[in-house]
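# Observations on chain architecture
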Amino acid sequence: MSSKDLFKSVLFLCRFVLPRRPSACHTNHGRSQRHPSLEDLASQTVVCDVEGALLRTSSTFPYFMLVALEAGGFLRGLLLLLLHPLISCLGHEVGIRIMVMVCFFGLRKEDFRVGRAALPKFFLEQVGLEGFEVLRRGGRRVCVSSMPTVMVEGFLKEYLDVEVVLGRELKLLGGYYTGLMEDRVIGFGHVDLAHHQLFTHCKVSHHISTQYEVYVHINYTVYESITCEVCLVGEAEKRRWHPLPSSQYPKPLVFHDGRIAFTPDAISTLCMFLWFPLGFALAFARALVFLCLPYALCVPLLAFLGMHSRLITSDDKEERRGDGSQLYICNHRTLLDGLYISAALGRHLTATTYSVSRISEWFSPIRTVRLTRNREEDAARMKKLVQEGDLLVCPEGTTCREPYLLRFSQLVAEISREVVPVALESWVSMFYGTSTGKLKFLDPLYFLMNPFPCYEVEFMARVATGAIGGKECSSYEMANHLQAEIGTRLGFQCTSLTRKDKYLLLAGNEGTI
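All figures in this text were calculated on a predicted structure; none of them were measured in a lab.

## Some details on the overall build of the chain
If you tally the helices and strands in the chain, you get 20 helices and 23 strands. Across the 513 residues of the chain, 53% fall into the buried class. When contacts within the chain are restricted to residue pairs at least 6 apart in sequence, those whose partners lie at least 24 apart make up 71%. With the model as given, the accessible surface of the chain reaches about 23,200 Å², and the carbon-plus-sulfur share is 56%.

## Some points on the pairing of strand E6 (residues 164–168)
Counting buried residues along E6, five of its five residues qualify, which places the element largely inside the surrounding structure. The sheet contact formed by strand E5 (residues 140–148) and E6 spans four bridges and is parallel. Within the sheet, the bridge partner assigned to Val 144 lies in E6 and is Leu 166. The handedness of the E5 to E6 crossover, carried by helix H10 (residues 149–159), is right-handed.

## A closer look at the confidence of the model for the chain
Of all residues in the chain, 80% have pLDDT values of 70 or greater, and the mean over the chain is 83. Segment residues 1–35 is flagged for pLDDT under 50; beyond a separation of four residues in sequence, or across chains, it makes 95 contacts in the model.

## Remarks on unusual backbone geometry
In the Ramachandran plot, Asp 161 falls in the positive-phi region, its phi being about 60° despite a non-glycine side chain. Note that Asp 161 resides in the loop between H10 and E6. Residue classification places Asp 161 among the partly exposed positions, given a relative accessible area of 39%. The phi dihedral of Arg 373 falls on the positive side, at around 70°, and the residue is not glycine. Secondary-structure assignment places Arg 373 in the loop between strand E15 (367–370) and helix H17 (375–388). Given a relative accessible area of 41%, Arg 373 falls into the partly exposed group.

## Some thoughts on the side chain of Glu 237
With respect to the secondary-structure elements, Glu 237 resides in helix H11 (residues 235–238). Residue classification places Glu 237 among the buried residues on the basis of a relative accessible area of 2%.

## A word on the UniProt feature "transmembrane region" (unreviewed entry) in the chain
Under the UniProt annotation, the feature "transmembrane region" (unreviewed entry) is placed at residues 284–305. Counted over residues 284–305, helix gives 86% and strand 0%. Its end C-alpha atoms are 11 Å apart.

Here is what the cut-offs are and how they apply
- Residues numbered from 1 in each chain as written.
- Predicted model: local features only at pLDDT ≥ 70, side-chain atom pairs only at ≥ 80, totals over all residues.
- Heavy atoms only, no water.
- Helix = DSSP H or I, 4+ residues; strand = E, 2+ residues; numbered from the N terminus.
- Buried < 20%, exposed > 50% of the residue type's maximum accessible area, 1.4 Å probe, protein only.
- Contact = heavy atoms within 4.5 Å.
- Areas by Shrake-Rupley, 256 points an atom, 1.4 Å probe, with all protein chains shown as cover.
- Pairing = 2+ DSSP bridges.
- Right-handed = clockwise from strand over helix to strand, strands pointing away.
- pLDDT = per-residue confidence, 0-100.
- UniProt positions renumbered as here; feature names shortened; annotations may be inferred.

Set out below in structure tokens:
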């Protein structure tokens, strides 16, 4: 497809106008041109360069590093890090091609899910509020990126409601990425537009605002029939942009996957690799403390080893101490939820699981019982367990990293006359201790490898499962009530999403390992 045909197919009248612009822009001919208001964009197509006009930084290295680490492994990430000085010295296009080769060579297309599962979180955190305000007002939104389409398409279409994404296409051989890109390039923003192949048939006039030097306003006429108006924003201005608040995401980010919990720029990634030997040794020491020592000793010793925790209890001490035959329910943050609640109780309890790996079950300091997802069988099994002693159930059925609660199972209101809700929150700075992949048995190890992992455990007042406010209720209503109580205590938003929704989005299956 020619540049002219592609341009016509995407854009008939395109204006990209940045906020806080000057009221007028003086042309070379002495005439005054007023920028259109944001309200004028509702009937027009807005074309946005992802790196140049949407994200607060134009550097693509952290996103390629995420692909290298999450899809290719730590050795591939180390190779990309070692090449970073060379990439920084080369031109933008050459650097992109090197990073694509390192990150994608040999990856199977069918298994590549980083673009949907891991990258959207990091892209959303870098979206500038000022640039997004312009993009969202467009009647039709088109985004252009120098990164491969498979990296940006999921983020742009699913979370920012972008209709058309124009990125770099990767070459395939037998269903595997070759690390090479197709030679079809479209560039907006930080490129020499006057000499770019897309504008070889454009009449160009440059005029720079006297009030804001960062804006360059350019008029193009393509074949005398198509006109677009483009404004460019400089790096100095983008550094003053505000991050897009999560409350203004067009679609909330409830699920994401991957091990990396920080934005992996070159310095941060180097620190991670330097931390690995100490982190592994520290995780091993923490695990031994969990496995071998009584709770009275392991809690202060783990605090000395950098594992911070906070316990909050209700006024009624019996909520936490009980009689040894109590049903506890909690929101699910990591596989260590049961250990922290056991430590807070000062005694072991039994925890139910769904798809925890056999290795995790073997090394667990507390008893775990695998559920079958058969309603009648699971209900009978949990009723028996709660008669034998303290039982912990996570009614969400899977972990959730973000401040959201998944739908609670009705079984928690059917197996006991009363429950003790427990609100959990956890924080990590380097590695996430949850995943949806085949290496789930490594989840506890990654959590323990964090320099200062934090947990907060709050025991709430005991709740009778037969009534809400003195009025008899169904198990469905009680499950929603318990979800709302924990959500209110944590400040989390309740959803009707389930374990199945999470795994279909992140792993392409229904949650079976």
